[in-house]
Amino acid sequence: MASRPISDPAADTTVRLEGDVGSVRLAARWTVHQRLERAGELERRILAEIAGGVPIVLDATDLVAVDTAGALVLSQLADGLRQGGREVRISGLTDAQQSLFEMVAAHEHEPPAPPRVALARERAAASSLRVADDAISFLSFLGHVFVTSVGALIRPRQIRGRLVLRNLQTAGADALPIIGLLSFLIGIVIAYQGAFQLHRFGADVFIVDLVGLSLLRELAPLMTAIIVAGRTGSAYAAQIGTMRVTEEVDALRVMGLSPVDVLVRPKVFALLIALPLLTVFADIVGVLGGLLMTSVSTDIGPTFFLAQFPRVVPLESFLVGVGKAPVFALVIASVGCWQGFQASDSAESVGARTTLSVVHSVFLIIVLDAAFSIVFSIVGI
Amino acid sequence: MNEFDRPQADASENAVEVRDVVTRFGRQVVHDGISFDIRRGEIFALVGGSGSGKSTLMREILQLERPTEGSIRVFGRDLQSLRGADALALKTRLGVLFQGGALFGSLTVLENIGLPLREHTTLDPKLIEQIGTLKIALVGLPPEAGSKYPSELSGGMIKRSALARALALDAELLLLDEPTSGLDPAGARALDRLVLQLRRSLGLTVLVITHDVESIRLVADRVGMLAGGKLLALGPVAELENSADPFVRGYFQGAAATASRTVHPPGRAGEPGGGGPAIPRRTDDLWEE
Ligand SMILES: Nc1ncnc2c1ncn2[C@@H]1O[C@H](COP(=O)(O)OP(=O)(O)O)[C@@H](O)[C@H]1O
Ligand SMILES: [Mg+2]
């Protein structure tokens, strides 16, 4: 025990030659809380002091405490000494100790080989295969969700309205404060940095264009999606992953309920509604932040800002921004849910899958956003 | 011999003393004044219907929860005032089998058993592995089970592995929450024999929560029955079976009747005693019906 000094039973054991018998008087305590790992030294000492072939008696008269570990170590000691055909006896055991030694002897085995760890080359091959497998698996998952969702839209009774509403609350309404705060701050930062740079060109009025266009087209939808991926996508992965580990997913399937119906589709629908609304909210609050900072740091007042805004920021910019949101929503919900289903049977894998869900959805969101920019510039929106 | 190495002197001859324990969860009263002792070297069975507060009482003995009122002493130490190193030292004298096993999913069975040994002793890794392998054999698992992860085990194998972990430090007080549930009758009896053997060889004290009447008859020195928040009966099995209280008597008769009906279902194989191969699970079509 940590709080007590640890004794070394091997050192406390005395080894003597008595007549033509080697006598080993065992120390009093042989339990896991002593230094049983020193038994090898005792064996070497005995072998050094008592010539080969001389019979040995392990004298347990002083032995007051021995547990299974101690009995194991002492049996191994006896076995080690027996090598070479020497006669070894353990004497002086109480009945209880005797039965313990018998029990241990009856159950001694070599430890099994540890689970095989794959070689680096195999791991590399397996991981590149896995990437391909994962991609195919994810796409087929996406397809499955998409097809059943369309089916549910045709037969609206299949939409689990209550689950959708509950998800709207947690993924949408509950996210308002954090998204509001962050977009307000982003609006302030852009206005401040922009005003400073534009002033050097005497182009102060363009601050309205800068704040409006950058927020509505890019920053508000992108930032909202990233926050929601961290907040909600990870929660989806953790929830479904835990349900996998506790066999709740299996229970659903056995009851004839499709995990997609119950676990995935309500989340997808909820996020398809929530994310565009959150984006609009981020647009408004972000622009308010920009307006505030503009009036504070430049000569442009709120009235001019608001009058100028509809003239320089076309409706398309707003629609382009909000239009990206459902795509991001689909990415976040499906990546989160899919990762959850990939969790195997340990708490560790739930953690790993939750991390991956955020990393992958943020990655996909940014890639898709870049793709949108390219497409929009080609079609000239 | 080092004087610190003597068994820690406890004034008390009881391993556990439960005094007037009251436990409430909100307005639900789970224990309503419970007192009893578990003597050293005794195998004490705690019985009662589901939700009668058996597991909760065990968690209180383990210092995982505190009773709302009353006191619990373990090896003479009052849990209420126990802190820090003393609380830890007491914990290393207890071995626990949780109802659901509670094996660590990221460790193999052998590593699970080795964990308390690695943390609380100076033993070297090789010896720890050998001790773990011995415990695996003791609980009736094949040696290969040691290199499996919990997710690759059947329910009964999880129970046995968790018991092996509970035995890792050769604890003085062993707390078993439904050890035989999920085991086939033969496995359950083997486990009973193991508990008796351990008590004989190591002199340990056992608190066992169980619904298995046959197991109680085989191993228990005394039985405590929880019902309605009270300790309804306390005494040797034979005494409770012939109790004047029809409820207490009925528990054993009723349980025996149910047991004989459910324990040997025709044509249903019990838990395989060995380590069958883990059933590979496909993960790619999980979302399909
Ligand atoms: N953490 C908790 N919070 C609220 N109620 C609990 C908690 N733990 C247990 N209970 C309640 O206490 C009662 C006893 O539970 P438990 O001790 O697990 O019963 P059992 O005798 O079946 O092991 C049950 O009704 C359970 O719902
Ligand atoms: Mg219980």
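Residues numbered from 1 in each chain as written. Chains lettered and ligands numbered in written order. Predicted model: local features only at pLDDT ≥ 70, side-chain atom pairs only at ≥ 80, totals over all residues. Heavy atoms only, no water.

A. Geometry of unusual backbone geometry. All names here are of chain B. Despite not being glycine, Gln63 has its phi angle at roughly 65 degrees, a positive value. On the secondary structure map, Gln63 appears in the loop between α1 (54–61) and β4 (69–74). In this model, Asp170 sits at a positive phi of 50 degrees, which is unusual for a non-glycine residue. Structurally, the position occupied by Asp170 is in the loop between α5 (155–166) and β7 (173–177). With relative accessibility at 13%, the residue Asp170 sits in the buried group. (Helix = DSSP H or I, 4+ residues; strand = E, 2+ residues; numbered from the N terminus. Buried < 20%, exposed > 50% of the residue type's maximum accessible area, 1.4 Å probe, protein only.)

B. Summary view of the site of ligand 1. All names here are of chain B. Every residue near ligand 1 is listed here: Phe25, Gln28, Val30, Gly49, Ser50, Gly51, Ser52, Gly53, Lys54, Ser55 and Thr56. Separating an oxygen atom of ligand 1 from a backbone N or O atom of Ser52 is a distance of 3.3 Å. Within the contact set of ligand 1, an oxygen atom lies 3.0 Å away from a backbone nitrogen or oxygen of Gly53. When isolated, ligand 1 has an accessible area of 560 Å², and the protein chains bury 60% of it. If you list the elements that add at least two residues to the shell around ligand 1, you get β2 (28–39) and α1. When grouped by side-chain class, the residues that make up the shell around ligand 1 number two nonpolar, eight polar and one charged. (Near = heavy atom within 4 Å. Polar contact = N/O pair within 3.5 Å; in protein donor to acceptor, adjacent residues only side chain to side chain. Areas by Shrake-Rupley, 256 points an atom, 1.4 Å probe, with all protein chains shown as cover. Nonpolar A, V, L, I, M, F, W, Y, C, P; charged D, E, K, R; others polar.)

C. Spatial organisation of helix α5 (residues 161–172) of chain A. Residue and element names in this part refer to chain A. With 12 residues, α5 extends 15 Å from end C-alpha to end C-alpha; this agrees with the ideal 16 Å at 1.5 Å per step. Those residues of α5 that fall on the buried side of the exposure criterion are Val164, Asn167, Leu168, Ala171 and Gly172. Each buried residue of α5 sits inside an arc of 110 degrees when the element is viewed along its axis, so together they form one side. In α5, the exposed residues that point more than 90 degrees away from the buried face are Arg162, Leu165 and Arg166. Buried residues along α5 sit against α6 (176–201), α7 (207–245) and α9 (259–297). (Expected span 1.5 Å × (residues − 1). Arc of directions from axis to C-beta. Contact = heavy atoms within 4.5 Å.)

D. Looking closely at the coordination of the magnesium ion (ligand 2). For the magnesium ion (ligand 2), the full set of protein donor atoms is Ser55(B) (OG) and Gln99(B) (OE1), and the range of their distances to it is 2.1 to 2.7 Å. With Ser55(B) in helix α1 and Gln99(B) in the loop between β6 (94–97) and α3 (109–120), this pair connects stretches of sequence that are 44 residues apart. (Donors = N, O, S within 2.8 Å, 3.2 Å for Na, K, Ca; no water.)

E. Structural context of the environment of Val29(B). One can find Val29(B) in strand β2. With residues near it in sequence (within four places) discarded, Val29(B) still touches Thr23(B) and Arg24(B).

F. Highlighting empty space enclosed by the protein. Residues and elements named next belong to chain B. Summed over all chains, the structure comprises two cavities of 30 Å³ or more. In this structure, the largest cavity spans a volume of roughly 50 Å³. Together, Ile43, Leu176, Pro179, Thr180, Leu191, Asp192, Val195, Val208, Ser215 and Val219 line the largest cavity. Tallying contributions element by element places helix α6 (residues 185–202) first for the lining of the largest cavity, with three residues. In the lining of the largest cavity, the residues fall into seven nonpolar, two polar and one charged. (1 Å grid on protein atoms, 1.4 Å probe; cavity = no way out; pocket = protein on both sides within 12 Å on 5 of 7 lines; lining within 4 Å. Points joined across faces, edges and corners; volume = space filled by probe spheres on them.)

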